[in-house]
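Coordinate analysis (summary)
If you want the building blocks of each chain, they are given just below.
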Amino acid sequence: MFSYRHAFHAGNHADVLKHTTLIATLQYLTQKDAGLTLIDTHAGAGLYRLDSDFSETGGEARDGIFKLMTDQRPASPDASNKTARPSTERSDSAMKVDTSAIQDYLDLITGFNPDGRLRVYPGSPFVMHSLLRTEARDKLKLFELHPTDSKVLAANVAQLEAGRQIAVARQDGFEGLKAFLPPPNRRALVLIDPSYELKSDYAQVSACIQDCLKRFATGTYMVWYPVIPRPEAHDLPRRLKTLANQAKRPWLHATLAIGADETPPAALAVPGEPRRHGLRASGVFLINPPHTLKAALEPALATMLKALGRGPGKGTSLETGG
Ligand code: SAM
């Protein structure tokens, strides 16, 4: 427990999928005037340096946000020198229509890097905060259990001077979430994004979703999970589908696989670098997704695959039901 630090992984392909989906979902939900409760059960540290020792060690952002930025905004220098100079202009009108979810994601990341160099990556708390509306009295509840990351998160959030709009708790997010459902405004988006460091996380996610649907069936729930050869990981989306179908709620399931790294092994042998052969695929499962999400994700997934796909096993899937 607690060996996982998201700083090693910030901006990787899994974050690209997760945060693009999160932004598209929130953009839809914030179109209505009524206030929204946002809950992040596994918040992480909130903000990450892409030029820190952590991210240098894993270098996972190189196969994620850097590649995507370079592919979509070719004015950026290549990812190997860890800089990007994103243009704020979309390059043509077709791109505006077809890849707007990606462009919205890149615009948001660019907002954190105003000098055009990609140094800071916002985690889900800051992604959510970017879309929070003061006038609608949206609220953001953040849970983070890691002793260090919860302190870093609290310090990062304090800088926002958001007052009571954002609450940070060093508490188990699976448990803490219960107190907020149903929310007073009857509108909520819950992100459940554990590290799956513990095998029990998989069962906890399905138990949590089952409980959430009993407490508040119309909330929007988004679960991220790793696609890895482990029975629990394989079963999770199936269990979530069953739970959504039993509750008669619509769902959306999307995956992105970047495939095997075909770089010759010698080039990968970086001493002390733990995760070069790391995660190749992940998925997001949403219950009560926006009805617009499938159309938004279809071209976005194609763009992610084109930019991030590496080798054998690469691909995407997108399925809805309910
Ligand atoms: N949601 C973040 C984002 O997208 O930027 C990343 C979160 S990271 C994948 C998972 C986090 O959950 C880690 O920081 C870990 O310390 C924390 N964590 C693990 N178990 C937890 C629990 N039971 N409750 C709250 N946080 C937990």
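How each quantity is defined
All chains use their own residue numbering, which begins from 1 and follows the written sequence. The predicted nature of this model means local features are confined to residues of pLDDT at least 70 and side-chain atom pairs, given and counted, to a pLDDT of 80 or more, with totals for whole chains, interfaces and linings taken over all residues. Side-chain descriptors were evaluated using all non-hydrogen atoms of the structure, hydrogens and water having been removed beforehand. Strands are runs of DSSP state E lasting at least 2 residues, helices are runs of H or I lasting at least 4, and numbering of each runs from the N terminus. Burial classification: accessible surface area is computed with a 1.4 Å probe over protein chains only, and a residue below 20% of its type maximum counts as buried, one above 50% as exposed, and the rest as partly exposed. Throughout, a contact is declared for two residues whenever any of their heavy atoms are within 4.5 Å. Only the protein chains shown count as cover for residues, and all accessible areas are computed by the Shrake-Rupley method using a 1.4 Å probe. Whether a residue is near a molecule or strand is decided by its heavy atoms; if any one of them lies within 4 Å of it, the residue is near. Distance and chemistry together define a polar contact, namely a pair of N or O atoms within 3.5 Å, with one atom able to donate a hydrogen and the other to accept it when in protein, and with adjacent residues in sequence counting only for side-chain atoms on both sides. By this rule, a helix spans an expected 1.5 Å times one less than how many residues it contains. This arc describes the spread of directions from the helix axis toward the C-beta atoms. Stacked, tilted and edge-to-face pairs are distinguished by plane angle, under 30 degrees for stacked and over 60 for edge-to-face with tilted covering the rest, among Phe, Tyr and Trp rings (Trp via its six-membered ring) whose centres lie within 6.5 Å. An axis is simply a line fitted to the C-alpha atoms; with a helix, the fit covers only the stretch in contact. Between two such axes, the angle follows the N-to-C directions and lies from 0 to 180 degrees. These descriptions rest on fixed angle ranges, namely under 35 degrees for roughly parallel, over 145 for roughly antiparallel, 65 to 115 for roughly perpendicular, and the rest for oblique. Lys, Arg, Asp and Glu make up the charged group, whereas Ala, Val, Leu, Ile, Met, Phe, Trp, Tyr, Cys and Pro make up the nonpolar group; the residues left over, Gly among them, are polar. Strands qualify as paired when DSSP identifies two bridges or more between them. Scored between 0 and 100, pLDDT is the confidence that the predictor attaches to each residue. Orient the strands so they point away from the viewer; a crossover is then right-handed if the path from the first strand over the helix to the second runs clockwise.

1. Points about the overall build of the chain
A count of helices and strands for the chain gives 12 helices and 10 strands. Taken over 322 residues, the chain has a buried fraction of 53%. If you take every contact in the chain between residues at least 6 apart in sequence, the share linking residues at least 24 apart comes to 81%. Accessible surface, the chain: about 14100 Å² in total, of which carbon and sulfur atoms supply 52%.

2. Here's the deal with the site of the ligand
The environment of the ligand is formed by 21 residues, the closest being K18, H42, S124, E144 and D193. Residue E144 places a side-chain N or O atom 2.6 Å away from an oxygen atom belonging to the ligand. In the model, a nitrogen atom of the ligand is placed 2.7 Å from a nitrogen or oxygen of the D193 side chain. Contact with the protein chains removes 97% of the 610 Å² of surface that the ligand exposes when unbound.

3. Focus: helix α9 (residues 200-215)
Two residues of an α-helix separated by three or four positions point the same way, owing to the 3.6 residues in each turn. When the terminal C-alpha atoms of α9 are compared, their 22 Å separation across 16 residues agrees well with the 22 Å that a helix rising 1.5 Å per residue should span. Taken residue by residue, α9 has D201, Y202, V205, S206, C208, I209, C212 and L213 as its buried positions. With its buried residues spanning 160° around the axis, α9 presents them on a single face.

4. What about the packing of aromatic side chains?
Across all of its chains, the model carries 5 aromatic pairs by this definition. When the ring of F112 is compared with that of F126, the centres are 6.4 Å apart and the planes differ by 70°; the resulting orientation is edge-to-face. With F112 in the loop between α5 (100-111) and β3 (120-122) and F126 in helix α6 (residues 124-131), the pair connects residues that are 14 residues apart, well separated along the chain. Take F126: its relative accessible area is 4%, and that puts it in the buried class. Between the aromatic rings of F143 and F180, the centroid separation amounts to 6.2 Å while the plane-to-plane angle is 55°, which identifies the pairing as tilted.

5. Let's talk about the packing of helix α1 (residues 13-29) against α5
Close contact between α1 and α5 brings their axes to 9 Å; oriented N to C, the two are set at 100°. Between α1 and α5, the interaxial angle falls into the category roughly perpendicular. Taking contact as the criterion, the partners of D15, V16, H19, T20, I23 and Q27 in α1 are, on α5, A101, I102, D104, Y105 and L108. Split into classes, the residues belonging to the contact of α1 with α5 amount to 6 nonpolar, 3 polar and 2 charged.

6. Section: the sheet that holds strand β7 (residues 220-226)
Across the sheet, 8 strands lie side by side as β5-β4-β1-β6-β7-β9-β8-β10; this open sheet has mixed pairing. Edge positions in the open sheet fall to β5 (166-169) and β10 (315-321), since each of these has one partner strand only. If you compare each strand with its neighbour and ignore which way they point, the axes differ by 10° on average. Bridging between β7 and strand β9 (residues 281-287) involves 6 bridges; their strand directions are antiparallel. Residue W224 lies in a different strand from β9, and its bridge partner there is V284.

7. With respect to the pairing of strand β1 (residues 37-40)
The side-chain alternation of β1 yields two buried faces, one formed by T37 and I39 and the other by L38 and D40. Sheet analysis places β1 next to strand β4 (residues 139-143), joined by 4 bridges and oriented parallel. By the bridge assignment for β4, D40 is matched with L142. Sheet topology note: the β1/strand β6 (residues 188-192) ladder contains 4 bridges and is parallel. Residue pairing across strands places T37 opposite A188, the latter belonging to β6.

8. Looking at the confidence of the model for the chain
Of the residues in the chain, 86% have a pLDDT of 70 or more, and the chain-wide mean is 89. Note on residues 266-276: pLDDT under 50 across the span, and 12 contacts to partners over four residues away in sequence or across chains.

9. Notes on the side chain of D193
Its place among the elements puts D193 in the loop between β6 and α9. There is a polar contact of 2.6 Å between the side chain of D193 and the side chain of K18. Contacts of D193, omitting those with residues within four sequence positions, involve K18, T41, H42 and W224.

10. A closer look at the pairing of β4
Of all 5 residues that make up β4, 4 are buried, and the element is covered over most of its length. Where the polypeptide runs from β4 across helix α7 (residues 147-158) and back to β5, its parallel neighbour, the crossover connection is right-handed.

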